[in-house]
Amino acid sequence: MRRRQFIGLIWGAGASLPLRALAQQRERTRHIGVLMHLSADDPEGQSRVAAFLQGLQEAGWAVGRNVSVDVRWAAADIEVMKRAAKELVARQPDLLFTSSTPAAAAMLEATRTIPVVFVLVADPVGTGLIASLPRRGGNMTGFAPIVPSLGGGGQS
């Protein structure tokens with residue numbers, strides 16, 4: 001190969017690199033912080049986190065590809081929940097997910113801006129997590145297994 005051809009080949013490859021790199025850029029990775037009220041070795045807690053991750057996968061969110069999930073375990077300790085909530089908020093996730101009324105309350109104390117989705121909250125209105133079922137207000141939303149005012153399960 002002649003010198004000019006070689007230089008042309010290298011220059012052409014170099015010029016096309018930014019275009020290839022642009023084409024191969026990965027989509028933005030979203031970050032989810034999870035605060036579980038159970039201990040890390042609790043089989044029920046492990047099952048719930050696995051179900052959460054499976055649900056994300058089914059919705060098109062793959063850990064390591066377009067989402068990262070940071071789980072904290074509190075073992076039903078309120079002080080640990082508060083500390084873990086602050087740690088998760090400090091990481092500035094796109095979304096927070098909590099299980100239980102105390103975990104949701106710790107998260108509400110830690111942030112009023114990052115969206116929080118809760119589960120296993122018996123009375124989100126009565127506990128002050130949301131303003132009302134029709135107009136929740138704030139950054140909290142989720143599912144309550146029993147809503148006293150409705151007499152059954154409900155979404156808030």
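Here the structure is shown first, and the text comes after it.
Before going into details, it helps to say that this report is about the structure given with it. (Residues numbered from 1 in each chain as written. Predicted model: local features only at pLDDT ≥ 70, side-chain atom pairs only at ≥ 80, totals over all residues. Heavy atoms only, no water.)

When helices and strands are counted, the protein chain shows 4 helices and 6 strands. If you list the helices and strands of the protein chain from N to C, you get α-β-α-β-α-β-α-β-β-β. Buried residues in the protein chain amount to 31% of all 156 residues. Within the protein chain, residue pairs in contact and separated by at least 24 positions form 50% of the contacts whose partners lie at least 6 positions apart. Accessible surface for the protein chain amounts to roughly 9,600 Å². Of this, 57% is attributable to carbon and sulfur atoms. (Helix = DSSP H or I, 4+ residues; strand = E, 2+ residues; numbered from the N terminus. Buried < 20%, exposed > 50% of the residue type's maximum accessible area, 1.4 Å probe, protein only. Contact = heavy atoms within 4.5 Å. Areas by Shrake-Rupley, 256 points an atom, 1.4 Å probe, with all protein chains shown as cover.)

What follows is about unusual backbone geometry. Despite not being glycine, A76 shows a phi value in the positive range, around 60°. Inspection of the secondary structure assignment puts A76 in the loop between strand 2 (67–73) and helix 3 (78–90). We note that L120 has phi near 60°; this positive angle belongs to a residue other than glycine. Note on placement: L120 falls in the loop between strand 4 (116–119) and strand 5 (140–147). Using a relative accessible area of 37% as the deciding quantity, one classes L120 as partly exposed.

A separate point is the packing of aromatic side chains. In this structure the tally under the stated criterion is 1 aromatic pair. Seen from their ring centres, F52 and F97 are 4.4 Å apart, and the 15° between their planes marks the pair as stacked. Within this pair, whereas F52 is found in helix 2 (residues 43–58), its partner F97 is found in strand 3 (residues 95–99), the two being separated by 45 residues in sequence. Each member of the pair, F52 as well as F97, is classed as buried. (Phe/Tyr/Trp six-rings, centres within 6.5 Å; stacked < 30°, edge-to-face > 60°.)

A word on the pairing of strand 3. Burial runs high along strand 3: 4 of the 5 residues are buried. As judged from the 4 bridges shared by strand 1 (residues 30–36) and strand 3, these two strands associate in the parallel manner. Each residue of the ladder has a partner; that of V34, found in strand 3, is F97. (Pairing = 2+ DSSP bridges.)

A word on helix 3. Spanning 13 residues, helix 3 covers 18 Å between terminal C-alpha atoms, matching the ideal 18 Å at 1.5 Å per step. Along helix 3, the positions that sit buried rather than exposed are M81, A84, A85, L88 and V89. The buried residues of helix 3 occupy an angular sector of 135° when projected down its axis, which confines them to one face. Among the exposed residues of helix 3, those oriented more than 90 degrees off its buried face are K86 and A90. Check the buried side of helix 3 and you find it contacts strand 1, strand 2, strand 3 and helix 4 (101–110). With a side-chain oxygen positioned 2.9 Å from the backbone nitrogen of E79, the residue opening helix 3 is D77. (Expected span 1.5 Å × (residues − 1). Arc of directions from axis to C-beta. Polar contact = N/O pair within 3.5 Å; in protein donor to acceptor, adjacent residues only side chain to side chain.)

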